[in-house]
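This is what each chain is made of:
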Amino acid sequence: MDGSSSGSAPRTAEAYGRAANRHRYGDGAEVRRYVADPYHRIRREIAVRMLLDGVAPTHRAAPSGPDGRKPSAGRPPLLELGCGSESMLAEVPDPSWPIVVADLALDALGLARRPSVGILCLDATRPLPLRDRSVGGVLMGELIEHVYDPVAVLRECRRVLAPSGLLVLTTPNLAALQDRVGFLAGRAPRQVNPLHPYLWLHIRPFTVSLLREVLRRADLEPVRVRSNYVGWRLRGGRWVKSRTLARLLPGLGGSLVVAARPR
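Residues numbered from 1 in each chain as written. Predicted model: local features only at pLDDT ≥ 70, side-chain atom pairs only at ≥ 80, totals over all residues. Heavy atoms only, no water.

- For the protein chain, the name recorded in an unreviewed UniProt entry is Class I SAM-dependent methyltransferase, with Plantactinospora alkalitolerans as its organism.

Here is the structure:
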């Protein structure tokens with residue numbers, strides 16, 4: 001699935017990026033390490049809550065018909081793309097939601113497997129093996145910055161979303177507070193550091209305004225923006241973080257959490 005034969009180097013930049021991401025995250029160890037960090041735990045909690053709050057009102061049980069019977073149609077599934085070894089949807093408290101998790105790495109999917117949760121091994125940069133308008137909600141955590149053509153990925157999400165469905169994605173913020181100040185002093189934002197052990201895989205960094213523009217290009221309308229923390233790293237590595245500032249000024253936060261609906 002990485003576009004190369006065994007023992008040979010990938011022939012394109014996109015294939016190389018796919019292989020590099022699978023090598024970094026495929027065994028699940030990296031994901032398990034960072035989801036234990038409160039920074040990522042808060043990001044993931046915000047994303048799941050935004051998704052559930054956004055899809056639940058549109059999929060409440062319909063009123064009974066004239067004969068007193070309830071409609072038989074069930075809820076459309078929730079889909080998580082790029083779940084890695086630690087799915088955000090695996091712990092959804094409402095068992096009546098059908099859930100499907102998907103990732104490129106089969107080993108990671110095996111670790112993410114839970115009872116009553118469907119799994120799909122797929123490449124999110126290619127057409128999704130799902131029918132049009134068949135999904136109630138799509139969740140993508142820290143995936144969009146890893147792909148060469150984010151508009152194509154978002155258009156596929158738009159295609160499979162039900163008309164009243166919701167997409168929620170998270171991505172690191174290129175214009176976080178400390179990076180903005182550092183840029184004025186001539187320092188490059190962390191998200192474009194080619195020497196960082198894993199941020200070099202982030203080939204499409206986003207600000208709030210750029211993310212909104214890309215979503216609209218994919219025929220999705222942003223409806224809500226949140227963030228986990230507005231933070232400042234002190235000398236010695238300690239972080240000073242504020243969730244209150246993140247609620248007031250999400251565009252300065254470390255990780256962006258954005259919800260969008262089909263236009």
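**A look at the overall build of the protein chain**
Piece 1. Within the protein chain, the regular secondary structure consists of eight helices and nine strands.
Piece 2. Counting over 263 residues, the protein chain shows a buried share of 48%.
Piece 3. Considering only intrachain contacts with a sequence separation of at least 6, the fraction spanning at least 24 residues in the protein chain is 67%.
Piece 4. Only carbon and sulfur atoms are counted for the fraction: they give 55% of the accessible area of the protein chain, which is about 13500 Å². (Helix = DSSP H or I, 4+ residues; strand = E, 2+ residues; numbered from the N terminus. Buried < 20%, exposed > 50% of the residue type's maximum accessible area, 1.4 Å probe, protein only. Contact = heavy atoms within 4.5 Å. Areas by Shrake-Rupley, 256 points an atom, 1.4 Å probe, with all protein chains shown as cover.)

**What about the packing of helix H5 (residues 150–160) against helix H7 (residues 208–217)?**
Piece 1. Look at H5 against H7: their axes get within 8 Å of each other, and the N-to-C directions meet at 55 degrees. The angle between H5 and H7 falls in the class oblique. In this structure, H5 meets H7 at a crossing whose hand is right-handed. Judged by residue contacts, Pro150, Val151, Leu154 and Arg155 of H5 engage Val214, Leu215 and Arg217 from H7.
Piece 2. Residue composition of the contact of H5 with H7, grouped by class: five nonpolar, no polar and two charged. (Axes fitted to C-alpha atoms, helices over the stretch in contact; angles between N-to-C directions. Parallel < 35°, antiparallel > 145°, perpendicular 65-115°, else oblique. Left-handed = near helix turned anticlockwise from the far one by under 90°. Nonpolar A, V, L, I, M, F, W, Y, C, P; charged D, E, K, R; others polar.)

**Here's the deal with helix H3 (residues 38–55)**
Piece 1. Between the first and last C-alpha of H3 there are 26 Å, a value that for 18 residues agrees with the 26 Å anticipated at 1.5 Å per step.
Piece 2. If you check the start of H3, you find a side-chain oxygen 2.8 Å away from the backbone N of Tyr39, and it comes from Asp37. (Expected span 1.5 Å × (residues − 1). Polar contact = N/O pair within 3.5 Å; in protein donor to acceptor, adjacent residues only side chain to side chain.)

**Here's the deal with the packing of aromatic side chains**
Pairs of aromatic rings are described using the distance from one ring centre to the other and the angle between the two planes.
Piece 1. Inspection of every chain in the model, using the stated rule, returns one aromatic pair.
Piece 2. Centre to centre, the rings of Tyr39 and Tyr229 are 6.3 Å apart; their planes meet at 25 degrees, and the pair counts as stacked. Taken together, the residues Tyr39 in helix H3 and Tyr229 in the loop between strand S6 (220–227) and strand S7 (230–233) connect sequence positions 190 residues apart.
Piece 3. Judged by relative accessible area, which is 11%, Tyr229 ranks as buried.
Piece 4. Positioned above the aromatic ring of Trp97, the side-chain terminus of Arg75 is 4.2 Å from the ring centre.
Piece 5. Residue placement shows Lys241 over the ring face of Tyr229; its charged tip is 4.6 Å from the ring centre. (Phe/Tyr/Trp six-rings, centres within 6.5 Å; stacked < 30°, edge-to-face > 60°. Lys NZ or Arg CZ within 6 Å of the ring centre and 35° of its normal.)

**A look at the sheet that holds strand S1 (residues 78–81)**
Piece 1. On the basis of which strands lie adjacent, the open sheet formed by seven strands has the order S3-S2-S1-S4-S5-S9-S6 and mixed pairing. What marks the edges here is a single partner per strand, and that holds for strand S3 (117–121) and S6. Neighbour-to-neighbour, the strand axes of the sheet open up by a mean angle of 20 degrees, direction not taken into account.
Piece 2. For S1 and strand S4 (residues 135–141), the ladder comprises four bridges, and the chain directions are parallel. Among the inter-strand pairings, Leu78 is bridged to a residue of S4, identified as Gly137.
Piece 3. With respect to the sheet, H5 is in contact with S1, S4, strand S5 (161–172), S6 and strand S9 (255–262), its orientation differing from that of S5 by roughly 150 degrees.
Piece 4. Packing of H7 onto the sheet brings it into contact with S5, S6 and S9, and relative to S6 it is tilted by some 155 degrees. (Pairing = 2+ DSSP bridges.)

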